[in-house]
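Spelled out from the first residue to the last, the chains are:
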Amino acid sequence: MKKVLKYIGLFLLVILGLFMILVALILFSAFSSENNRSTGSNSENIKVEFEGNGKIPGFEEQTPIFADTMEEALAVVNPEIYFGEDTYIDQVSYIIKIFENEKYSTMFYLSDKNSKEGSFVAAKFSIKIVDSKKTIRFN
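Residues numbered from 1 in each chain as written. Predicted model: local features only at pLDDT ≥ 70, side-chain atom pairs only at ≥ 80, totals over all residues. Heavy atoms only, no water.

(A) Region of the structure containing the confidence of the model for the chain. Taken as a whole, the chain shows an average pLDDT of 81; of its residues, 81% reach a score of 70 or greater. Confidence, read as mean pLDDT per element, is least for helix H3 (residues 79-83) in the chain (73) and greatest for strand E1 (residues 94-100) (92). (pLDDT = per-residue confidence, 0-100. Helix = DSSP H or I, 4+ residues; strand = E, 2+ residues; numbered from the N terminus.)

Rendered as structure tokens:
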């Protein structure tokens with residue numbers, strides 16, 4: 001019985017030693033990375049000013065333009081505002097799937113830039129009924 005207790009005690013001592021080594025390595029790593037971050041960078045502080053008016057810069061309030069089809073609705077928007085550098089994304093090459101309800105419609109489509117490059121795009125549209133005719137606006 002004494003041998004069993006001796007082996008259990010030895011096992012617990014080894015586990016405790018490994019745990020202490022692990023804690024020491026974590027602390028050493030945390031302090032060394034903090035020193036490297038503070039001494040090795042020449043970065044400046046960034047000031048962010050917030051006016052609190054709820055407007056996003058670059059997105060001016062525009063009157064909504066409704067179109068008859070989703071492709072026409074994509075054509076009337078400014079692609080630089082919504083798609084950035086990839087202005088070809090507003091060109092629909094292949095429609096994959098369209099989901100609709102009373103208020104919104106979502107279209108998943110492929111847009112080809114050239115023979116080697118293209119994009120998979122999901123676009124959301126608002127639906128409005130005017131004179132019993134469905135009109136669509138890009139959101």
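(B) Quick look at unusual backbone geometry. The backbone phi angle of Asp131 is positive, close to 55°, even though this residue is not glycine. Mapped onto the elements, Asp131 comes out in the loop between strand E3 (118-130) and strand E4 (133-138). In this structure Asp131 comes out as exposed when scored by relative accessible area, which is 73%. Residue Ser132 is not a glycine yet carries a positive backbone phi of 55°. Position of Ser132 among the secondary structure elements: in the loop between E3 and E4. (Buried < 20%, exposed > 50% of the residue type's maximum accessible area, 1.4 Å probe, protein only.)

(C) Inspection of the pairing of E1 at higher detail. Judged from the six bridges that link them, E1 and strand E2 (residues 104-112) form a sheet pairing that is antiparallel. Note that in E2 the partner of Glu100 across the bridge is Ser105. What sits between E1 and E2 in their antiparallel hairpin is a turn of three residues. (Pairing = 2+ DSSP bridges.)

(D) Structural view of the pattern of salt bridges. Taken as a whole, this structure holds two salt bridges when the rule is applied. Across the pair Asp68 and Lys133 runs a salt bridge, and its minimum N-O distance is 3.4 Å. You can see Asp68 sitting in the loop between helix H1 (2-40) and helix H2 (70-76) and its partner Lys133 sitting in strand E4, a full 65 residues away along the chain. A residue is classified by how much of its surface remains accessible, and Lys133, at 44% relative accessible area, is partly exposed. Lys134 serves as the salt-bridge partner of Glu100, at 3.2 Å between the closest nitrogen and oxygen. Residue Glu100 is located in strand E1, and its partner Lys134 is located in strand E4; the two are separated by 34 residues in the primary sequence. (Salt bridge = Lys/Arg side-chain N within 4 Å of Asp/Glu carboxyl O.)

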